[in-house]
Amino acid sequence: MRNLFVDLSDYQRSDLAFMQELKDKGAMGVVIKVTEGSADGSNWVSATAGEKIRNAAKVGLVISLYHFARYTSEADARNEANFFVQHAKALGMDSNTLMVDDAEVKTMSDYNAGAMAFTDQVKKLGYQRTAVYSMKSFFTSGILNSHGLGDNKIWIAGYGITDLGIDNADAWQADDGQGYAGMKFGVDASFDFNGCFTLEVDEKGSVPTIEVPKNEPAEHVNQSATGTYIVQSGDTLSGIASKFNTTYQALAALNGIANPNVIMPGQVLKVTGQADKQTVYYVQAGDTLSGIASKFGTTVNSLASTNGISNPNIIYVGQKLVISGSNENQSSTYTIQSGDTLSGIASARGTTWQALAAKNHIANPNMIFVGQTIQL
């Protein structure tokens, strides 16, 4: 069996015509994002899931739900499961709904234990059908063990490949919207090997009535093991820098932030790592070219040459400096301007918004910021 299904996040269309279009192109099911993180963490709840569910049901698509995981411990995973179930119930989803843990950001050393804690909690709260989604590399590198996830359905992502790397996949996300594997949906699309995402369950279910418990105490700082931080309301770049034992100038350089006073809630910042060959830095008050060179392990002459600076004693606040690399390489970065959209930038450069989002670790392609520098 290779039934087709798609998955949708908040920024994608929700209208009836779109759902009918997906159905007409061969989709039999849809997996809809509902939540991300926990109530005391990311606290992200979809604004469009309800409309997506209603319209998908009208055209006869089998509906599953997914949660984007950010748990940092087993306790935190159970809290995230509580959050997911609470909103699934509010949306009227019955106990036969397939509930998916989207586990693609490694945030704890034993990631398998986190996935099991999450899905076991979902089951305890009345939803017995659960699945774990992640990319091929997580399964083949040992971050997740597909044979160590109990009775969870395994949904694996891999594009342009012929070998999934595991022998027990229940579904394969073969396309990220770019048309891999002959897909023509324009959104993430998958093959369902056993019907769990595309066939209705025979028995009629009802919305579970088990009470969702209070959250357990859990360490939660919105930091992932990949070295990122999600900006919260009230954050400042200097405050974030202090949390991670760095400077606001280093964070601005690492993330291509033109104005360190302008960061937005929900923005994902890199907080670890070194400047790469195409790092862009914006001059701050009090900077000198020699100080910047020292910070990034380069020389005044190299900075002056790369950036066409005739007098190294004259730089100005807000000036954009390429830290290293030739002028040819400057075209491989782009600084977001007012009115830009990710799809518009992608179109102008012969690529796709999905590729740009993946390359720049952009969680929500509708959230880009003036002054943000992205790799092209």
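Residues numbered from 1 in each chain as written. Predicted model: local features only at pLDDT ≥ 70, side-chain atom pairs only at ≥ 80, totals over all residues. Heavy atoms only, no water.

Student: Give a detailed account of helix 3 (residues 74-90), specifying residues and quantitative values.
Tutor: Taking 1.5 Å of rise per residue, the 17 residues of helix 3 would be expected to cover 24 Å, and the 24 Å separating its terminal C-alpha atoms lies within 8% of that figure. Of all 17 residues that make up helix 3, 12 are buried, and the element is covered over most of its length. Looking at the buried residues of helix 3, the elements they touch are strand 2 (27-36), strand 3 (44-45), strand 4 (62-68), strand 5 (99-102) and helix 4 (111-124). (Helix = DSSP H or I, 4+ residues; strand = E, 2+ residues; numbered from the N terminus. Expected span 1.5 Å × (residues − 1). Buried < 20%, exposed > 50% of the residue type's maximum accessible area, 1.4 Å probe, protein only. Contact = heavy atoms within 4.5 Å.)

Student: Provide a residue-level description of the side chain of S190, including the pertinent values.
Tutor: Its place among the elements puts S190 in strand 9 (residues 188-192). Residue S190 is classed as buried on the basis of its relative accessible area, which comes to 0%. With near-sequence residues (within four places) excluded, S190 lies in contact with N3, L4, F5, D7, W155, W172, Q173, A174 and M183.

Student: Describe unusual backbone geometry, and please don't skip the residues or the numbers.
Tutor: In the Ramachandran plot, A181 falls in the positive-phi region, its phi being about 55° despite a non-glycine side chain. Here A181 shows up in the loop between strand 8 (171-176) and strand 9. Take A181: its relative accessible area is 45%, and that puts it in the partly exposed class.

Student: Run through the side chain of D170, naming residues and quoting values.
Tutor: Positionally, D170 belongs in the loop between strand 7 (153-157) and strand 8. Among buried charged residues, D170 stands out as having no salt bridge; its nearest opposite-charge side chain is K153, 4.4 Å away. A distance of 2.6 Å separates a polar atom in the side chain of D170 from a polar atom in the side chain of N194. In contact with D170, not counting residues within four places along its chain, are N152, K153, I154, F191, D192, F193, N194 and C196. (Lys, Arg positive; Asp, Glu negative; His and termini not counted. Salt bridge = Lys/Arg side-chain N within 4 Å of Asp/Glu carboxyl O. Polar contact = N/O pair within 3.5 Å; in protein donor to acceptor, adjacent residues only side chain to side chain.)

Student: So, helix 2 (residues 49-58): which residues are in play, and what are the values?
Tutor: Inspection of helix 2 places A49, G50, K52, I53, N55 and A56 among the buried residues, and these make up the whole buried set. On its buried side, helix 2 packs onto strand 1 (3-8), helix 1 (16-24), strand 2 and strand 4. Directly after helix 2, the chain includes G60, whose backbone phi takes a positive value near 90°.

Student: Can you tell me about the pattern of salt bridges, naming the residues and giving the values?
Tutor: A full pass over the atoms with the stated rule returns seven salt bridges. Between R13 and D15 there is a salt bridge, with the nearest N and O atoms lying 2.9 Å from each other. Here D15 falls in the partly exposed class, since its relative accessible area comes to 25%. For E216, the salt bridge goes to R78, with nearest N and O atoms at 2.5 Å. Residue E216 is found in the loop between strand 9 and strand 10 (223-224), and its partner R78 is found in helix 3; the two are separated by 138 residues along the sequence. The network of salt bridges with common partners includes R13, D15, E21 and K25.

Student: I'd like to hear about the packing of aromatic side chains, residue by residue, with values.
Tutor: Two aromatic rings are characterised by how far apart their centres lie and by the angle between their planes. Inspection of every chain in the model, using the stated rule, returns 11 aromatic pairs. Relative to F118, the ring of F84 has its centre 6.0 Å away and its plane inclined at 25°; by these criteria the two rings are stacked. Pair noted here: F84 is in helix 3 and F118 is in helix 4, with a separation of 34 residues, a long-range link. Accessibility classification places F84 together with F118 in one group, the buried group. Here the aromatic rings of W155 and F197 are separated by 5.1 Å at their centres, their planes lie at 55°, and the arrangement is tilted. In this pair, W155 is assigned in strand 7 and F197 in the loop between strand 9 and strand 10, connecting sequence segments 42 residues apart. Through a chain of ring-to-ring contacts, the aromatic side chains of Y71, F84, Y111, F118 and F138 assemble into a single cluster. (Phe/Tyr/Trp six-rings, centres within 6.5 Å; stacked < 30°, edge-to-face > 60°.)

Student: Residue-level account of the nonpolar core, with values.
Tutor: One finds L22, L65, Y71 and F185 to be the most contacted residues of the largest nonpolar core, which totals 52 residues. The residues touching L65, leaving out its near neighbours within four places in the chain, are V31, I32, V34, I53, F84, A88, M93, T97, L98, M99 and V100. Residues A253, V283, F296 and I323 belong to the second largest nonpolar core, which totals 13 residues. (Core = buried A, V, L, I, M, F, W, Y, C linked by side-chain atoms within 4.5 Å.)

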